[in-house]
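Understanding the architecture of this molecule
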Amino acid sequence: MARETQDNAGLRRADSTRTAKLVGNLTTTGLRAARAWSSRREQPEAWREVSRMHGAFLSLLPPGSGPTTPSDMIKALHRPMRQWVPLTWGDLPDELGSFTILGEDGLLTGDAIEYGSDYSEALFENHGAGIDWVPRWAQQTFEKVERSIYTVLSSAGQEEYVATRQMLIEVPAGTAEFVSDALHERGALHTEAYEPLPPDRRFVVGRDSWYVPCPVCSWPMHVQGAELACRYPQHSGLFKVTDEVDDTGAPRVRGPRPVRALSAAEVVCVHEAVWRYITIPGVTEVELMTWLAEQPGIGTDAVTKWPHKDRWDITVRAGADIFEIDLKDTRSPSQVAARPPRARHVVVPDYRAWQVAQLRRSLPPGQYEVRTVRAFKTAVRNALKEGR
Ligand SMILES: [Zn+2]
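Residues numbered from 1 in each chain as written. Predicted model: local features only at pLDDT ≥ 70, side-chain atom pairs only at ≥ 80, totals over all residues. Heavy atoms only, no water.

Overview of the overall build of the chain
Selection criterion: Helix numbering and strand numbering both begin at the N terminus, where a helix is a DSSP run of H or I of at least 4 residues and a strand a DSSP run of E of at least 2. The buried label goes to any residue with under 20% of its type's maximum accessible area, the exposed label to any with over 50%, and the partly exposed label to all in between, with areas taken from a 1.4 Å probe on protein chains only. Accessible areas in this description were obtained via Shrake-Rupley with a 1.4 Å probe; residue shielding takes into account the shown protein chains only.
Secondary structure summary: the chain contains 13 helices and 15 strands in total. Counting across all 388 residues of the chain, residues that qualify as buried make up 52%. When the accessible surface of the chain is summed, it comes to about 19200 Å², and 50% of that surface belongs to carbon and sulfur atoms.

As for the pattern of salt bridges
Operational definition: The term salt bridge refers to a pairing of a side-chain nitrogen on Lys or Arg with a carboxyl oxygen on Asp or Glu at a separation within 4 Å.
With the rule as written, the count across this model stands at 19 salt bridges. Here Asp 247 ties to Arg 260 by a salt bridge, and the two come within 3.4 Å at their closest N and O atoms. Remark: Arg 260 occurs in the loop between strand E8 (251-254) and strand E9 (262-263) and Asp 247 occurs in the loop between strand E7 (239-245) and E8; sequence separation between them is 13 residues. Residue Arg 260 is classed as partly exposed on the basis of its relative accessible area of 41%. With a shortest N-O distance of 3.6 Å, Lys 328 and Asp 326 are connected by a salt bridge. The pair Lys 328 / Asp 326 is uniform in exposure class, with both members buried. Counted as one network, the salt bridges with shared partners bring together Arg 32, Glu 49 and Arg 52.

Overview of the nonpolar core
Using the following cut-off: What is meant by a nonpolar core is a set of buried Ala, Val, Leu, Ile, Met, Phe, Trp, Tyr and Cys residues, joined one to another through side-chain atoms within 4.5 Å.
Grouped together as the largest cluster of nonpolar side chains are 97 residues, with contacts concentrated most on Leu 77 and Leu 292. Core analysis: the second largest hydrophobic core is formed by 8 residues, Val 336, Val 346, Leu 363 and Tyr 368 among them.

Here's the deal with the pairing of strand E12 (residues 314-318)
Filter applied, for reference: Strands were regarded as paired on the criterion that DSSP finds at least two bridges between them.
Counting buried residues along E12, 4 of its 5 residues qualify, which places the element largely inside the surrounding structure. Where strand E11 (residues 303-305) lies against E12, 3 bridges are found, and the strand directions are antiparallel. Bridge pairing in E12 links Lys 305 to Ile 314. With 5 bridges connecting them, E12 and strand E13 (residues 321-327) associate as antiparallel partners. Paired with Arg 317 across the bridge in E13 is Ile 322. Counted between consecutive antiparallel strands, the loop separating E12 from E13 contains 2 residues, among which Gly 319 sits at a positive phi close to 60 degrees.

Remarks on the confidence of the model for the chain
Worth spelling out the cut-off: pLDDT runs from 0 to 100 and stands for how confident the predictor is about each residue. We call two residues contacting when some pair of their heavy atoms lies within 4.5 Å.
With 89% of its residues at a pLDDT of at least 70, the chain reaches an overall mean of 85. Looking over the chain, one finds the lowest element-wise mean pLDDT in helix H5 (residues 120-124), namely 41, and the highest in strand E1 (residues 173-175), namely 98. Here residues 119-138 scores under 50 on pLDDT; set against residues more than four positions off or in separate chains, the count is 53 contacts.

Structural notes on the coordination of the zinc ion
Rules: Only nitrogen, oxygen and sulfur atoms within 2.8 Å of the metal, or 3.2 Å for Na, K and Ca, are treated as donors, and water is left out, so sites may look incomplete. A four-donor site is classed as tetrahedral when every donor-metal-donor angle falls between 85 and 135 degrees; four donors are called square planar, and six octahedral, when trans pairs exceed 155 degrees and all remaining angles lie between 65 and 115, with any other arrangement labelled irregular.
Looking at the zinc ion, one finds its protein donor set to be Cys 214 (SG), Cys 217 (SG), Cys 230 (SG) and His 235 (ND1), positioned 2.2 to 2.4 Å from the metal centre. Metal-centred angles of 106 to 112 degrees between the 4 donor atoms at the zinc ion mark the site as tetrahedral. Counting residues between consecutive donors of the zinc ion along the chain gives the motif C-x2-C-x12-C-x4-H. Placement of the pair is Cys 217 in the loop between strand E4 (208-211) and strand E5 (222-224) and His 235 in the loop between strand E6 (227-229) and E7, with a sequence separation of 18 residues. For Cys 217, a relative accessible area of 1% translates into the label buried.

Side note on the packing of aromatic side chains
Between two aromatic rings, the relevant description is the distance of the centres plus the angle of the planes. Put simply, the rule reads: The criterion for an aromatic pair is that two Phe, Tyr or Trp rings (for Trp, the six-membered ring) have centres within 6.5 Å, with stacked assigned to planes under 30 degrees apart, edge-to-face to planes over 60 apart and tilted to the rest. Only when the NZ of Lys or the CZ of Arg is both within 6 Å of the ring centre and within 35 degrees of the ring normal is a charge said to sit over the ring.
Summed over all chains, the structure comprises 5 aromatic pairs. Ring centres 5.5 Å apart and planes at 85 degrees place the aromatic pair Phe 323 and Phe 376 in the edge-to-face group. In this pair, Phe 323 is assigned in strand E13 and Phe 376 in helix H13 (residues 373-387), connecting sequence segments 53 residues apart. Assigned by exposure class, Phe 323 and Phe 376 land together as buried. Ring-pair connections join several aromatic residues into one group, and the members of that group are Trp 219, Tyr 232 and Trp 275. Over the ring of Trp 37 we find Arg 40; its NZ or CZ atom is 3.8 Å from the centre of that ring.

As for the environment of Asp 313
Take Asp 313: it is sitting in the loop between helix H10 (307-310) and E12. With relative accessibility at 3%, the residue Asp 313 sits in the buried group. Residues Asp 313 and Val 346, 33 residues apart in the sequence, show an inter-C-alpha distance of 10.0 Å. Discounting residues that sit within four places of it in the chain, Asp 313 has contacts with Glu 285, Met 289, Thr 304, Lys 305, Trp 306, Pro 307, Ile 325, Asp 326 and Leu 327.

Examining the sheet that holds strand E2 (residues 194-196)
Basically, it comes down to this: Axis definition: a line fitted to C-alpha atoms, over the contacting stretch in the case of helices. Angles run 0 to 180 degrees between N-to-C directions.
Strands sit in the order E1-E10-E2 across an open sheet of 3 strands; the sheet is antiparallel. Two strands in the sheet have a free side with no partner beyond their single neighbour: E1 and E2. Averaged over all pairs of adjacent strands, the angle between strand axes in this sheet comes to 35 degrees, irrespective of strand direction. Of the pairings in the sheet, the one linking E2 to strand E10 (residues 267-270) comprises 3 bridges and is antiparallel in character. Considered in E10, the bridge of Pro 196 is made with Val 268.

Listed below in structure tokens is the structure:
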């Protein structure tokens, strides 16, 4: 009897692993369809992609259980999959199928963007080895930029790697001249990461065109009418262009944090793929690197950035201790558990504190210490005190 129960439990687990994989494939297909849909005005071939994705979506489900036409599928993507895909959702982690892919504005939602960002590691770790793991939609959409940056980073020496990566994090936008100067000053390598500022990230007042960097990541905020917002959901906040003018003659923009409108003339910014995969996680990485280097008793020399070209994110010597740190800024903790980090200290941004307990449960026992950035800083301060 006990034996039978165990077998049943095993079967159920195998079943739910299969279903989780299926949900992953459905989500990826949905994302790719949504992406094509949102660019259908500029790219006529997007329609073909939408109907191809509809076919792919149906092939993953039992006959008759998916959306009947491509436009039914697009309509459905405005609701979480849990509400319209007939699966046994009960056994799956809450994070699966619980978000909306297409927003009311016809663009990918912040949640969908975050889901896509979770594949970042496959791109920039494992140089070459992990690429198959990246969903096709990301590969195709970002292929050219990715390939360029990927090639440059794989051929770089450690110092150039750090300079190039840090530049893409700290200078996600600026005039072409400014970006080119920064590249030389930092000793960063030339990549195809930058493109002219796209029209959806600028606005016109009078005869001039303007953009506003996000107060967190400095990437130009998305513009809709007179409203601006960063496309990353964790950098939340809605900003409004006013009729006033600031002391530089630029239109004043008001919102939850002080920001400035800058002239859009000659401005370039990093491609969306670079922003998602390098700039966004990099903001937390660089902030922690800077904090560590500033601690009395540590200093710049004791902080190694992206050692071995990003086998993990930071190595730091604090007192008698050496900390090897991997920062994990992803929406789904189960993705981290699926590919266990190479460093002992797993650190998540404070806004993902809820993931700590789940990661401690799901990572191999005894090998990891999981903390938020805030708790990790406390651990470093304690190590410094003891080392004195
Ligand atoms: Zn931002």
